[in-house]
Structures are given as structure tokens and as C-alpha cells.
Amino acid sequence: MCRLFYLNSKEKINAREYLEKFALISKNSKEFQGHGWGMAYWIDGERKIYKNIKPIWEDDLSQFGFTNRIIAHARSAFRDEGIVVGNNMPFYDDKYVFIFNGELRGVRIKEGGRIGAEKIFNYIKRFDKGSIKDAILKGASIIEKKSAYIRAMNIILADNDFAYVYSKFGEDPDYFTMHKKIEDDLVLVCSDPFPGESGWQKIENESITEFKCF
């Protein structure tokens, strides 16, 4: 089970400052999050992708400079399998960036993808008829009906203008509940609140939240 992080700031921030906090959360997680990590980040409107097989807390987080938008993922590989950098999230195409945390059992859908998370991303995009938010809701609903059990299905999917946080879990709310912190010029979403910080709120289970970019 993985850890997810999203940041959108009106002003450029030093990526290292926030990634170090996310790295600490990942390192201290009750589940091992050291099977690599990755992120999408934007510099002057240009999206960049970075992935590394190292645990995030062992990587050089000073290399990314200043940005105003980050989507990051620390990986805990299912059954410790498929530990290669190509399986690290985010998954992406020309339009969307996708990260996932959860576990589904007995899924009866046919879709291409290297691992289950990428299959979910590709499956959701089938229903994109101009609203990716509606596609997430429809795709997730069908996946739920075609799964024997959903332990959790937490998703952050973003394009250049919006980010959508979909949260659903059937157990262990202390671990799977997503959190958000919203200020006038900063939006943060993370699997766990940053330690020692106030102002974080729980994201409701079985919900989708839309965040417009500054």
C-alpha cells in the first residue's frame, strides 16, 4: 500500500521542503514504502516526470528546484513483486497524471497495463467523454461492481487545470484516510498529515474532491 501526495501553490515553492516531509511520512509508514517513488511536477507550465527505484528518503530531493505543482507517489509493491522503475507511478499520458493507493481482490475487468494501478488508469480513461471527473466516478463504480472486495481504492488524477482525489476504502481508516490542507495560496493533499502541522482535515470516505489549479 502506497503513499500519495499532491501540492498546488500560487507562488513557486522549493520542492525539496515539501518532498522531505512526504519522504518522512513514507519512511515512517507502518507499511514499507521503499520500492521506489516518482512524481510529476510543473516548471513554468511545463510538466516533467521523474522516477527512481530508490526509496524517496534516500534520493536527492534538492535536484528539483522551484515549482508550484507536485504529484508524488511512494511505492509499496503488492507482495513485493514487480519492483522495477517502470512500474513506479505516476502513470501518465499526454493529458493526465495518475497515482493510486489500495488493493482490489477478484477484479473481473479486462484492461491493458503493467500492474493493477495502470490498468485502473486505462480503464477510467475509457469513460472520458469530456469530463474526467465523471469518468473516474463511472469507472470506479464499475470496478467496484466487478471486484470481489475493495480493501481500498484511493486515486489522484490530474490534468493541467484540475486535480481529482477519489477515496474509497473498506477497512483500516487510520491508514487509508486521505487528508487535505487548504490555505489561500496553497493546497496540500497527502495520505497522512505532515507531522506537527495543524489545519489538516480528513477527506471523506467514498468521495471525490475537485481542486482547481491556481
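Scroll up to find the structure.
Residues numbered from 1 in each chain as written. Predicted model: local features only at pLDDT ≥ 70, side-chain atom pairs only at ≥ 80, totals over all residues. Heavy atoms only, no water.

1. Concerning the sheet that holds strand β9 (residues 179-183)
The condition that has to hold: For two strands to pair, DSSP has to find at least two bridges joining them. In this description a helix means any DSSP run of H or I spanning at least four residues, a strand means any run of E spanning at least two, and both kinds are numbered starting from the N terminus. The contact rule is simple, with two residues in contact once any of their heavy atoms fall within 4.5 Å. Note on method: axes are straight lines fitted to C-alpha atoms, helices fitted across the in-contact stretch only, with angles between N-to-C directions ranging 0 to 180 degrees.
The seven strands are arranged β3-β2-β4-β1-β10-β9-β11 in an open sheet whose pairing can be described as antiparallel. Since the sheet does not close on itself, it has two edges, and those belong to β3 (46-52) and β11 (201-202), each with one partner. Strand direction decides the pairing type here: strand β1 (residues 3-14) and strand β10 (residues 186-190), joined by five bridges, are antiparallel. For N8, the partnering residue across the bridge sits in β10 and is V187. Against the sheet, helix α1 (residues 15-27) touches β1, β2 (37-43), β4 (66-74) and β10, its axis set at about 165° to β1.

2. Brief notes about α1
Rule in force here: Expected helix span is computed as 1.5 Å times (number of residues minus one). For every residue, the accessible area obtained with a 1.4 Å probe (protein chains only) is divided by the maximum for its type, and the residue is called buried under 20%, exposed over 50%, and partly exposed between those limits. This arc corresponds to the set of directions leading from the helix axis out to the C-beta atoms. For the purposes of these results, a polar contact is taken to be a pair of N or O atoms within 3.5 Å, where, inside protein, one atom must be able to donate a hydrogen and its partner to accept one; residues adjacent in sequence count only when each atom of the pair is a side-chain atom.
If you check α1, its first and last C-alpha atoms are 18 Å apart, about what 13 residues at 1.5 Å a residue would give, namely 18 Å. Buried within α1 we find A15, Y18, L19, F22, A23, I25 and S26. The buried residues of α1 occupy one face: seen down the axis, they fall within an arc of 160°. Among the structural elements, β1, β2, β4 and β10 are those in contact with the buried residues of α1. Among the residues of α1, the N-terminal cap falls to N14, whose side-chain oxygen and the backbone nitrogen of R16 are separated by 3.1 Å.

3. Quick look at the sheet that holds strand β6 (residues 97-105)
Strands sit in the order β5-β6-β7-β8-β12 across an open sheet of five strands; the sheet is antiparallel. On the outer flanks of this sheet lie β5 (91-92) and β12 (207-212), each paired with one strand and no other. Relative to strand β8 (residues 162-167), strand β7 (residues 149-158) runs antiparallel, the two sharing four bridges. By the bridge assignment for β8, L157 is matched with Y164. On top of the sheet, helix α3 (residues 132-145) reaches β6, β7, β8 and β12; it is set at about 20° to β8, its chief contact.

4. Observations regarding the packing of aromatic side chains
Note the following rule: Put simply, two rings from Phe, Tyr or Trp (the six-membered ring, in Trp's case) pair if the centres are within 6.5 Å, and we call them stacked under 30 degrees between planes, edge-to-face over 60, tilted for the rest. The criterion for a charge sitting over a ring is simple: Lys NZ or Arg CZ within 6 Å of the ring centre, and within 35 degrees of the ring normal.
Throughout the structure, instances matching the rule amount to twelve aromatic pairs. Between F98 and F121, the ring centres sit 4.9 Å apart and the planes meet at 20°, which makes this aromatic pair stacked. Here F98 is found in strand β6, whereas its partner F121 is found in helix α2 (residues 116-125), with 23 residues between them in sequence. Given a relative accessible area of 0%, F98 falls into the buried group. Aromatic ring contacts, followed pair by pair, group F5, F22, F194 and W200 into a single cluster. Over the aromatic face of Y175 sits the side chain of R3, whose NZ or CZ is 3.9 Å from the ring centroid.

5. Some thoughts on the environment of F211
By the element assignment, F211 lies in strand β12. Given a relative accessible area of 6%, F211 falls into the buried group. Each C-alpha atom of the pair F211 and I43 lies 19 Å from the other, and the pair is 168 residues apart in sequence. In contact with F211, not counting residues within four places along its chain, are D161, F162, A163, V165, K180, I182, V187 and V189.

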